[in-house]
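Residue-level listing of the chains:
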Amino acid sequence: MGKRRPCTEEQKRERDVLASKQRDVSFCKRRKTVFSKASKLCNEHGTRIAVLVLSPRGKPYAFGHTSVDAVLNQYFNVQQEQEPQQSRASVINEERNMVECMKEGIENELKAYVKRYMTLPC
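Residues numbered from 1 in each chain as written. Predicted model: local features only at pLDDT ≥ 70, side-chain atom pairs only at ≥ 80, totals over all residues. Heavy atoms only, no water.

## Overview of the overall build of the protein
When its secondary structure is counted, the protein shows two helices and two strands. Counting from the amino terminus, helix and strand elements in the protein follow one another as α-β-β-α. By the burial criterion, 11% of the 122 residues in the protein qualify as buried. A separation of at least 24 residues holds for 29% of the contacts in the protein among residues at least 6 apart in sequence. Entry remark: accessible area of the protein is about 11,100 Å², with carbon and sulfur atoms responsible for 56%. (Helix = DSSP H or I, 4+ residues; strand = E, 2+ residues; numbered from the N terminus. Buried < 20%, exposed > 50% of the residue type's maximum accessible area, 1.4 Å probe, protein only. Contact = heavy atoms within 4.5 Å. Areas by Shrake-Rupley, 256 points an atom, 1.4 Å probe, with all protein chains shown as cover.)

What follows is the structure in structure tokens.
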């Protein structure tokens, strides 16, 4: 086996351009496959799907059934409806903690009062 010659800058650029084109072709094929699988899932199971993909060059592609906007709006509306329930749970926990602290304070005051009352002469 002989030694490999070092690559020139021009050869490196050509290789990079070729690799970039191969990535673009590969991305295009994979994007079509992902979108077709999503469409098949929607048709077979009646689901609502939104798929957002960025190409290697940064160009966005989207697929949505019924539309991307409709799916995202529904998702964000559901998220907003769930947040108040979560915040109510946190408020309940905070109130429970306050009640526990108040209860401990009252118990301590009561113990101090009983102790003071027991030490008074009759």
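Picking up after the structure, the text goes on.
## Looking at the packing of aromatic side chains
Aromatic rings considered in pairs are described by the distance between their centres and by the relative angle of their planes. Taken as a whole, this structure holds three aromatic pairs when the rule is applied. Ring centres of Phe27 and Tyr61 lie 5.7 Å apart, and the angle between their planes is 50°; this geometry places the pair in the tilted category. Of this pair, Phe27 sits in helix α1 (residues 9–45) while Tyr61 sits in strand β2 (residues 60–65), placing them 34 residues apart in sequence. Owing to a relative accessible area of 16%, Phe27 belongs among the buried residues under this scheme. A cation over an aromatic ring shows up here: Arg31 above the ring of Tyr61, its NZ or CZ 4.0 Å from the ring centre. (Phe/Tyr/Trp six-rings, centres within 6.5 Å; stacked < 30°, edge-to-face > 60°. Lys NZ or Arg CZ within 6 Å of the ring centre and 35° of its normal.)

## Some words on the nonpolar core
By size, the foremost hydrophobic cluster in this structure holds six residues: Phe35, Ala38, Cys42, Ile49, Val51 and Phe63. For this core, the elements supplying multiple residues, two or more each, are α1 and β1 (49–54). In terms of residues, this core owes the most to one element, α1, which gives three residues. Those residues in contact with Cys42 that sit more than four places away from it in its chain are Thr47, Ile49, Phe63 and His65. (Core = buried A, V, L, I, M, F, W, Y, C linked by side-chain atoms within 4.5 Å.)

## Regarding the pattern of salt bridges
In this structure the tally under the stated criterion is two salt bridges. Lys12 is the partner of Glu9 in a salt bridge, and the nearest nitrogen-oxygen pair spans 4.0 Å. Of this pair, Glu9 and Lys12 both sit in helix α1, three residues apart, which is roughly one turn of the helix. Owing to a relative accessible area of 52%, Glu9 belongs among the exposed residues under this scheme. Asp24 is the salt-bridge partner of Arg57, the closest N and O atoms lying 2.8 Å from each other. Remark: Asp24 occurs in helix α1 and Arg57 occurs in the loop between β1 and β2; sequence separation between them is 33 residues. Take Arg57: its relative accessible area is 63%, and that puts it in the exposed class. (Salt bridge = Lys/Arg side-chain N within 4 Å of Asp/Glu carboxyl O.)

## Here's the deal with unusual backbone geometry
Cis rather than trans, the peptide bond between His65 and Thr66 has omega equal to 10°. With respect to the element layout, Thr66 can be found in the loop between β2 and α2 (68–119).

## Considerations on the environment of Asn43
Among the structural elements, Asn43 can be located in helix α1. A relative accessible area of 60% places Asn43 in the exposed class. For Asn43 and His65, which are 22 residues apart along the polypeptide, the C-alpha to C-alpha distance reads 9.2 Å.

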